[in-house]
Structure formats: structure tokens, C-alpha cells
Amino acid sequence: MLGDHAHTYILVVAKTEFVAFRVAPDLKRELQRISDDEQRALSQVCEMLLYEGVEAYKQEGPKFIQRLVAKQKARVKDS
């Protein structure tokens, strides 16, 4: 039993900005598959992945972007 002093706190974060950009259809399918698997909205999954990318950039700086660009070039070359 939780007792008389149990409290429930709900954090509400207001979304105040909108970002839109185009992605390849296969990337959108993968993002949608992840969101379906995780039972989350596509926007939630995208926001979490973007947040983690920003945090990685804060840690590694330009090296992080350079590594991503190299991976992107390799993907394009292989397709």
C-alpha cells in the first residue's frame, strides 16, 4: 500500500518549435518500424534520436559529424 504520503508527479513539456525535413523513404520506414516496435509516436522516436545525436556532438564536436559524413558517403557509394 502506498500510504497517505504517496504523490504522483507528471512532467509536461510544452512543444514550442517545429522542425521539418525530408528523409529517404527507407529511413522513414525504419523510423516507423522502430516507433511501432517501441509503441511510441514517430515524432517521439525522432526527437530521442536527435537529442542523442546532439549530446554526442557536444561530447565529440566536429569529429562526430566527420564520422557521420564518412558513413553517409559509404552508404551512398554502396547503393
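Anything mentioned here points back to the structure above.
Here we summarise the structure given alongside this text. As the structure is a computational prediction, the values presented were derived from the model and not from experiment.

### Brief notes about unusual backbone geometry
In this structure, Gln39 takes a positive phi of about 55° despite not being glycine. Counting through the fold element by element, Gln39 comes out in the loop between helix H1 (25–38) and helix H2 (42–60).

### Side note on the packing of H1 against H2
Close contact between H1 and H2 brings their axes to 9 Å; oriented N to C, the two are set at 105°. The orientation of H1 with respect to H2, classified from their angle, is roughly perpendicular. Seen from H1, the contacting residues are Lys28, Leu31, Gln32, Ile34 and Ser35; seen from H2, they are Leu42, Val45, Cys46 and Leu49. Class assignment for the residues of the contact of H1 with H2 results in six nonpolar, two polar and one charged.

### Things to note about H1
Its 14 residues place the ends of H1 20 Å apart at the C-alpha level, agreeing with the 20 Å of an ideal helix rising 1.5 Å per residue. Gln39 sits one or two positions beyond H1 and adopts a positive phi of about 55°.

Calculation criteria
Residues numbered from 1 in each chain as written. Predicted model: local features only at pLDDT ≥ 70, side-chain atom pairs only at ≥ 80, totals over all residues. Heavy atoms only, no water. Helix = DSSP H or I, 4+ residues; strand = E, 2+ residues; numbered from the N terminus. Axes fitted to C-alpha atoms, helices over the stretch in contact; angles between N-to-C directions. Parallel < 35°, antiparallel > 145°, perpendicular 65-115°, else oblique. Contact = heavy atoms within 4.5 Å. Nonpolar A, V, L, I, M, F, W, Y, C, P; charged D, E, K, R; others polar. Expected span 1.5 Å × (residues − 1).

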